[in-house]
Amino acid sequence: LCDWKDQHLSMIVTSVLTILLVPVPFLANACVVTNQYSKSMALQARKEMLHKYRFLFFRFHPYAYYYGLVLLLRSLLICIVPVVARDDPGLQVFILSFIIIVFAEFQCYIQPWRAKVCNTVDAFLSVCLLSLLVCACLAAVFESNRKPLVLLCIGSLLGMALVTLFALAQSLLHMSRKCRRAQMYDFFLCHHKEHASAQVRFIKTCVTNMSNCRVFIDSDDLVNLDGLFDIVKNDVKVFVVVLTSHTLRRAWCCGEIVSAHATMLKMHTVVTATFVPPENAQMENLENYISSLDSTLSNYGISTKDVQQALSKLLHPATPCYILSSSPHRGTARFLSVSRSLLGHGDSSLGPKTLGGFSVAISASLADDEAVAISGFIAVALRLQLAYRDGGGEVVCLCDIEVGVGGLLDFEEARAAVVIYSSSTLHCIEQLASLVNIMEIAEAHQQNQTQFTVIPVHLPGVVFPSGKYFEEDFAALWSGREALSKSCHMLKTYFKHISIPLEVSASDGVLSAQVSLVFHRIPPSQKRKSWSSQGGCSSATASLFGAFNSVRSAASEEPWLPGYGHMSSRNSGFHGGTASSSKEEDLPSPWPSPDAGVVDEKEPQTQWNDLVLHAWEGQFAHIQI
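Quick caveat, the model's predicted, so the values are computed rather than measured.

**Details of unusual backbone geometry**
- Residues other than glycine seldom take positive phi values, yet Gln111 does so here, at roughly 50 degrees.
- Positionally, Gln111 belongs in the loop between helix 7 (89-110) and helix 8 (116-139).
- We classify Gln111 as partly exposed; its relative accessible area is 32%.
- We note that Ser292 has phi near 55 degrees; this positive angle belongs to a residue other than glycine.

**Digging into the sheet that holds strand 8 (residues 395-397)**
- Reading across the sheet, the five strands line up as 8-7-9-10-11 and stay open at both edges, with parallel pairing between neighbours. With partners counted over all chains shown, the strands left at the sheet margins are strand 8 and strand 11 (500-501), one partner each.
- In the packing of helix 20 (residues 429-447) onto the sheet, the strands contacted are strand 7 (360-363), strand 9 (416-421) and strand 10 (453-458), and the crossing angle to strand 9 comes to about 150 degrees.

**Some thoughts on the pattern of salt bridges**
- If you walk through the whole model with that rule in mind, you get ten salt bridges.
- The partner of Arg330 in a salt bridge is Glu430, with the nearest N and O atoms 2.7 Å apart. Here Arg330, found in the loop between strand 5 (321-323) and helix 18 (333-342), pairs with Glu430, found in helix 20; they are 100 residues apart in sequence, far enough to count as distant.
- Residue classification places Arg330 among the buried residues on the basis of a relative accessible area of 15%.
- A residue is classified by how much of its surface remains accessible, and Glu430, at 24% relative accessible area, is partly exposed.
- Between Arg415 and Asp390 there is a salt bridge, and its shortest N-O distance comes to 2.9 Å. Taken together, the residues span a long stretch of sequence, with Arg415 in the loop between strand 8 and strand 9 and Asp390 in helix 19 (residues 369-390) at a distance of 25 residues.

**Regarding the nonpolar core**
- Of all hydrophobic cores here, the largest spans 54 residues; its most connected members are Phe187, Ile374 and Leu382.
- At ten residues, the largest contribution of residues to this core is made by helix 19.
- Non-local contacts of Leu382, meaning those with residues more than four positions away in its chain, are made with Val360, Ile362, Val395, Val418, Val515, Val518, Phe519 and Ile522.
- Residues Leu228, Phe229, Val258 and Leu297 belong to the second largest nonpolar core, which totals 34 residues.

**A few points about helix 8**
- Compared with the 34 Å implied by 1.5 Å per residue over 24 residues, the 35 Å span of helix 8 between its first and last C-alpha is a close match.
- Buried residues of helix 8: Asn119, Asp122, Ala123, Ser126 and Leu133, and no others.
- Looking at the buried positions of helix 8, the neighbouring elements they touch are helix 6 (67-84) and helix 7.

**So, the sheet that holds strand 3 (residues 236-243)**
- Pairing in this open sheet of five strands is parallel, and the strands run 2-1-3-4-5 from one edge to the other. The open sheet has two edge strands, strand 2 (215-216) and strand 5, and neither has a second partner.
- Looking at chain direction, strand 1 (residues 185-190) and strand 2 are connected through two bridges and run parallel. Counterpart to Phe187 in the pairing with strand 2 is Val215.

**Here we look at the side chain of Thr269**
- One can find Thr269 in strand 4 (residues 266-271).
- Every residue in contact with Thr269, bar those within four places of it in the chain, is listed here: Val241, Leu243, Leu314, Thr319, Pro320, Cys321 and Tyr322.

**Topic: the packing of helix 20 against helix 22 (residues 484-494)**
- Running from N to C, helix 20 and helix 22 point in directions that differ by 80 degrees, and their axes come no closer than 9 Å. Overall, the two elements helix 20 and helix 22 adopt an arrangement that is roughly perpendicular. In this structure, helix 20 uses Leu432, Leu435, Val436, Met439, Glu440 and Glu443 to contact helix 22, whose residues at the interface are Lys486, Ser487, Met490, Leu491, Thr493 and Tyr494.
- Its residues assigned to classes, the contact of helix 20 with helix 22 comprises seven nonpolar, two polar and three charged.

**Comments concerning the confidence of the model for the protein chain**
- Predicted confidence across the protein chain gives a mean pLDDT of 77, with 75% of residues reaching 70 or more.
- In the model, residues 529-608 has pLDDT below 50 throughout and makes 155 contacts with residues more than four positions away in sequence or in other chains.
- The model gives residues 620-625 a pLDDT under 50, and that stretch makes 34 contacts with residues more than four places away or in other chains.

**A look at the packing of aromatic side chains**
- For the coordinates displayed, the defined rule picks out 22 aromatic pairs.
- Where Phe188 meets Phe239, the ring centres are 5.4 Å apart and the plane angle is 15 degrees; that geometry is what we call stacked. Here Phe188, found in strand 1, pairs with Phe239, found in strand 3; they are 51 residues apart in sequence, far enough to count as distant.
- Ring centres of Trp252 and Tyr300 lie 5.7 Å apart, and the angle between their planes is 65 degrees; on these two criteria the pair is classed as edge-to-face.

**Focus on the pairing of strand 10**
- Burial within strand 10 is extensive, with five of its six residues counted as buried.
- Across six bridges, the pairing between strand 9 and strand 10 is parallel. What sits directly across from Tyr421, in strand 10, is His458.
- Where strand 10 meets strand 11, two bridges bridge the pair, whose relative direction is parallel.

**Quick notes on a nonpolar patch on the surface**
- Taken together, the side chains of Leu9, Ile12, Val13, Val16, Leu17, Ile19, Leu20, Leu21, Val22 and Val24 present a nonpolar region at the surface, about 900 Å² in accessible area.
- Note that Val16 resides in helix 1 (residues 6-21).

**Considering helix 21 (residues 467-477)**
- Among all positions in helix 21, only Tyr469, Phe470 and Phe474 are buried. One side of helix 21 holds all its buried residues, which, seen down the axis, span an arc of 90 degrees. Residues of helix 21 that are exposed and angled more than 90 degrees away from the buried face: Lys468, Glu471 and Ala476.
- Those residues of helix 21 that are buried lie in contact with helix 20 and helix 22.

**Observations regarding the environment of Leu56**
- Residue placement: Leu56 occurs in helix 5 (residues 54-57).
- For Leu56, a relative accessible area of 3% puts it in the buried group.
- Remark: the alpha-carbon pair of Leu56 and Leu71, spanning 15 residues in sequence, is separated by 9.4 Å.
- Those residues in contact with Leu56 that sit more than four places away from it in its chain are Ala30, Tyr65, Gly68, Leu69 and Leu72.

Cut-offs applied
- Residues numbered from 1 in each chain as written.
- Predicted model: local features only at pLDDT ≥ 70, side-chain atom pairs only at ≥ 80, totals over all residues.
- Heavy atoms only, no water.
- Helix = DSSP H or I, 4+ residues; strand = E, 2+ residues; numbered from the N terminus.
- Buried < 20%, exposed > 50% of the residue type's maximum accessible area, 1.4 Å probe, protein only.
- Pairing = 2+ DSSP bridges.
- Contact = heavy atoms within 4.5 Å.
- Axes fitted to C-alpha atoms, helices over the stretch in contact; angles between N-to-C directions.
- Salt bridge = Lys/Arg side-chain N within 4 Å of Asp/Glu carboxyl O.
- Core = buried A, V, L, I, M, F, W, Y, C linked by side-chain atoms within 4.5 Å.
- Expected span 1.5 Å × (residues − 1).
- Parallel < 35°, antiparallel > 145°, perpendicular 65-115°, else oblique.
- Nonpolar A, V, L, I, M, F, W, Y, C, P; charged D, E, K, R; others polar.
- pLDDT = per-residue confidence, 0-100.
- Phe/Tyr/Trp six-rings, centres within 6.5 Å; stacked < 30°, edge-to-face > 60°.
- Patch = residues over 30% accessible without salt bridge, like charges linked within 9 Å, V, L, I, M, F, W, Y side chains within 5 Å.
- Areas by Shrake-Rupley, 256 points an atom, 1.4 Å probe, with all protein chains shown as cover.
- Arc of directions from axis to C-beta.

Next up, the structure:
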């Protein structure tokens, strides 16, 4: 307009000074305040500053506090376009369209406004602005330099082609990796937490310690619930369903079964005593049989028909099935048998159990599968910790032994008895009899001033007895036996002990920490020095031994515990599937003798392997392989 005269130069100087005095300081101040937003929220003294600049922050969600700066930047870029491309209207339209589209896409992605309607209005106004710009171009008649527009169009097409090729290459690479890689988990244990947490925990312990297999259970391995079905589809070799009374009534369990069926995974079922298969009428009306079926699974593209087909496949006679109640074994050996069958090792038969010289006895109700399973888990963990601290120690699960309701056990060398109080304890005459027997032995040890500790452990959801139970229910259960009043007194004495809660549905680390509380109540042996006191390992390592599976993951590539059939060759203390005595003179070679000044000259990893081997073998030494 002014044809580059002196007046034009003065206008340029004035414009530059105005920009430097107003927009640039304002934008710079906004950048500084936005950068200090997180610190200002934490400091009371800076709340006044937040109040001054609330127009920048408080219209948006806390995670998008920076969006006020984004709006300022968008406005600045739109204003600069006519300055950068002042003689080329076509280039101006292209740049303006690009800026509006990029910022609209960003706004739709992060949804920054606190009010949902504001996000919708913001996106709609961007579309309207872009439409207005296109319509104005169609109505206007102007000459433009076509060369820059042609170059921009070519560059846009090349960019689109490169992005498309990159996305295609990433998809092919992901598919090839998915086809080549091995599954992350060998077994996936599908279960209902309330009724099968301890059972899957013990099965996982058995499988992982008899092989190198990795086992998925959600309490240990699940991080994001939305990725649960993808894990079943992509990262699992064998899918195992532990069927309890509510397993097939849980929508998430059904979703896992559908995912396994869709990918044609090899499926196994473990049937507990509480499981009742759905009837035909219930299969036809799954919306009433399964709680929250549509609301939970519809978001993942799973229909009722998919669930019906998957359940029919799961319950088909051709699906491998292990029925715990029909097992020829007793107690924890039933879960060992299931674990061996899953690994393809064949079944086991019960052999004689040597009871002499055990250090710790664990009492659990044989009628409660959860209590039996957790007793096996505790036995393995305690045996490992006793081996570290005392140089060895036999741990016996009383539910594995047929002693009769009134049978007495040899507690002469025992130091502690762990009693697992579950929902069926008060109605299981066999456990009540063993509990009375344990309290009588504890009273005898107290009179002789010898060490013996009763350690109560209770599972979630149990109810402790009232006075009415002892007067009516216990008297009815104990009818026909002698010493009713004394037995009732012994039982009341037991309930005066402080019980340790055991969260069987928690993760392995939490459960191991709770088992460590049980271990710390067991009196130390007076016969042997601990392994650590003779230089076996540092005392700082002791806290790690309780976390059985957590420590196992840090071992070398060679498996700590080989196949169960090879255990007898690793340790001469166990032959023919029968446990050797845990007395001092019969301890296997990994334990240093009491008179030895130094430990065996083995590598630390070999010593630890033998330590864990001894603990695991002792749990199922009565099983003949």
